[in-house]
Structures are given as C-alpha cells and as structure tokens.
Amino acid sequence: MTLNQPRLNKAVIPVAGLGTRFLPATKATPKEMLPVVDKPAIQYVVEEAVSAGLLDVLMVTGRNKRPLEDHFDRNYELEDLLHRKGDTDRLARVCEPTSLADIHYVRQGDPRGLGHAVLCAASHVGNEPFAVLLGDDLIDPRDLLLARMIEVQARLGGSVVALMEVPLEKIHLYGSAAVRSTAEHGVVGVADLVEKPEPAFAPSTYAVIGRYVLDPEVFGVLAQTAPGRGGEIQLTDALRVLAQQGRVHGVVFGGRRYDTGDRADFLRTTVRLACEREDLGADFRNWLREFVDTELRTPDLVS
Ligand code: UTP
C-alpha cells in the first residue's frame, strides 16, 4: 500500500437477487434473511465485513427487501419489552445488528444481474478500491479470507477474486478462472474468466466464490458490459476484460464456505453451525447421533 492510499473501508453487499432456488420461501422473504440457526445469513456476512475492518457497508437491495433494512434498524417496542422484562441477553442480541456498521442502502430497480448490482454502488464507492461480499455466501470466521484479499489488493493493485477448487462436474455453477502461478503461495494471476461454463469449456476447476476486492476501474467496464449468460449483466464478464489486461489476481481459498442460497448447502450449514454452538450444540449433537443411528438406518430411508 502506498502511503497516500486510504485504507479500504467500504463493503458492497448485493442482495437484490430473486432467490429462485429457494422458492417459495423467498417469495416474500429475502433469501439473505433465512435464519442459519438463529441469525439471518446476512448478519454473518456483515460481521465478516466488519471483522476485516470494513465499517462502511452498502447493501444493494430490491423488491421484498424491507426486512433486511428492518433487521439492521432499531426496534423500539421489542427493545423496550425485553428491557422491562430484564431479559438482557436477548436485548443484546436484538441490538447487536444495529450497531455493527454504518449501513447504507441503494436500490437496484430491476434485478439485471450481479454486475448491474455492483454498478449501482458506483456513486457511493467513488474512486477507491472496495470489497464485494455476496449476501448468501458465508465464509467461516475461523478461515480468514477477506483480510488476505485486501492485503493482496493493496500490495499488487488491480482487482482480487476468491477462488476455490471444485469438482469438474460442479464448475458450471460458478465462474471459472484460467490461472497462472506466482511466486507467492496461494496467490495466482487470473488470465481469463468464463461464467458458468460447461465442464468441457471450463479453463480450470478454480471457481470464483462470493468475495471480491475490486479496483473502481471495474465500474467503467461494467457500464460497457452487455447482458451475458441468462440475459444478466455479469460481474464475471467485466472482470474478464480486466483479467485479459493482467489486472486481476486470485486468492486461493481452502477453508469452509457455505452457499446458503442452495437448499442442500443451507441445510448442511445449519446442521454444522448448530452442532458447533455452545448453547445448543451438545443437545443437538446427541439428537443427531441418535437420528443417524436409528432413523437413517431404516430401509425406506437408505437408498
Ligand atoms: P445469485 O446468482 O445467487 O442469484 O446471485 P439470485 O437471483 O439471488 O438467486 P437464484 O439463483 O435465483 O436462487 C448472487 C448474488 O447477487 C445478488 C443476489 O442477491 C446474490 O447475493 N444479485 C443477483 C443482485 O443483487 N442483483 C441481481 O440482479 C442478481
């Protein structure tokens, strides 16, 4: 980082998608509000941004997203009730999201794609590097990713994507990166990117996951990016242009990541995090062991 460069402090969280994989639950409720144990997924994501030092958070919202704003706002009636009851634990949990960060909102009128959602953040972000965190992608707080990406971006410049190796048959669910190795362990140069390729056309099994640290030059490219796959303006397509100019690096992540926008992964995440919880874990693990040992052994459940 050069001496005059301000420390990166802005996070953009796009939450305007339709969440079709989770219908009908997401008909009137944003998928980012679905509870993982007892906190909405979005709160984990905001907490991650804050732990990486990003205290200015911009959410790109859309229709049906009011509950998100309410979650990070005060609820005086509830707070007053809990206060009068002397329920200080719950009161603290209710107040926690309101004081986490400086949260701003911008609306994406039509959900025209992730790239378009990021473009909606341009005037708030201005001319500084910024982070993008997808609101349905959780990274385990024990596995530092964002701080490492911020550090790499400050040192190497350009934009940084997070890459995870996935099985070839899953690469069509992600952007796939053509990479070249660098002298630094866990950091690669990204030469090309392809959004959701068929396995035969994937440049590698390195998948782009939902964390980015971007140079503001991406806004100019996004403004020129035509709708791509699915008729949406794809962030991957804009990053591809920058990758071909040698302006994109990748941080390879081997830690725990949970895609809460996918039903099966959402269930796995909930079970895993519930097992690890101090207050619930012991009881839940006992029940789970018994469930696996008894009910999952019955012939009609075992395929
Ligand atoms: P997804 O690809 O998960 O799309 O978007 P989606 O519409 O939300 O969900 P499905 O696939 O239909 O179930 C990745 C991220 O980009 C945001 C989403 O909210 C999600 O966090 N997004 C997507 C927007 O903010 N705007 C868009 O137009 C599209």
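The structure displayed is predicted, hence computed values, not measured ones. (Residues numbered from 1 in each chain as written. Predicted model: local features only at pLDDT ≥ 70, side-chain atom pairs only at ≥ 80, totals over all residues. Heavy atoms only, no water.)

Thoughts on the pairing of strand E12 (residues 248-252)
Phase 1 of the analysis: For E12, a buried count of four out of five residues is recorded, marking the element as mostly surrounded by other parts of the structure.
Phase 2 of the analysis: In this structure, strand E10 (residues 187-195) lies alongside E12, joined through three bridges in antiparallel fashion. Paired with Val-187 across the bridge in E12 is Val-251. (Buried < 20%, exposed > 50% of the residue type's maximum accessible area, 1.4 Å probe, protein only. Helix = DSSP H or I, 4+ residues; strand = E, 2+ residues; numbered from the N terminus. Pairing = 2+ DSSP bridges.)

Some details on the nonpolar core
Phase 1 of the analysis: Judged by nonpolar contacts, the single largest core of 48 residues is most densely connected at Ile-13, Ile-42, Val-46, Leu-54, Met-59 and Leu-146.
Phase 2 of the analysis: For this core, the leading source of residues is helix H1 (residues 41-51), giving six residues.
Phase 3 of the analysis: With residues up to four places along the chain from it excluded, the contact list for Ile-42 reads Ile-13, Val-15, Glu-32, Met-33, Met-59, Leu-68, Phe-72 and Gly-135.
Phase 4 of the analysis: Judged by nonpolar contacts, the second largest core, of 31 residues, contains Val-12, Val-60, Val-218 and Leu-242. (Core = buried A, V, L, I, M, F, W, Y, C linked by side-chain atoms within 4.5 Å. Contact = heavy atoms within 4.5 Å.)

Structural notes on the packing of aromatic side chains
Phase 1 of the analysis: The full count for this structure, using the stated rule, is four aromatic pairs.
Phase 2 of the analysis: Aromatic side chains Trp-287 and Phe-291 sit 5.0 Å apart centroid to centroid with 15 degrees between the ring planes, which places their arrangement in the stacked category. In this pair, Trp-287 and Phe-291 are both assigned in helix H11 (residues 281-293), four residues apart and thus about one turn of the helix distant.
Phase 3 of the analysis: Phe-291 gets classed as partly exposed once you look at its relative accessible area, which sits at 24%.
Phase 4 of the analysis: Taken together, Phe-284, Trp-287 and Phe-291 form an aromatic cluster joined through their ring pairs.
Phase 5 of the analysis: Sitting over the face of the ring of Tyr-44, Lys-39 holds its NZ or CZ atom 4.4 Å from the ring centroid. (Phe/Tyr/Trp six-rings, centres within 6.5 Å; stacked < 30°, edge-to-face > 60°. Lys NZ or Arg CZ within 6 Å of the ring centre and 35° of its normal.)

Side note on the pattern of salt bridges
Phase 1 of the analysis: This model, assessed by the stated rule, comprises 26 salt bridges.
Phase 2 of the analysis: Here the residues in one salt-bridge network are Asp-140, Arg-142, Asp-143, Arg-256 and Glu-276, joined through shared partners. (Salt bridge = Lys/Arg side-chain N within 4 Å of Asp/Glu carboxyl O.)

Remarks on the side chain of Glu-32
Phase 1 of the analysis: Position of Glu-32 among the secondary structure elements: in the loop between strand E1 (10-14) and strand E2 (35-36).
Phase 2 of the analysis: Filtering out sequence-adjacent residues up to four positions away, Glu-32 remains in contact with Pro-14, Val-15, Pro-40, Ala-41, Ile-42, Lys-65, Leu-68, Gly-135 and Asp-136.

Concerning unusual backbone geometry
Phase 1 of the analysis: With an omega of 5 degrees, the peptide bond running from Leu-23 to Pro-24 counts as cis.
Phase 2 of the analysis: Along the chain, Pro-24 turns up in the loop between E1 and E2.
Phase 3 of the analysis: The phi dihedral of Val-37 falls on the positive side, at around 65 degrees, and the residue is not glycine.
Phase 4 of the analysis: The residue Val-37 is located in the loop between E2 and strand E3 (39-40) in this model.
Phase 5 of the analysis: Phi is positive for Lys-196, close to 40 degrees, though the residue is something other than glycine.
Phase 6 of the analysis: Structurally, Lys-196 can be placed in the loop between E10 and strand E11 (206-214).

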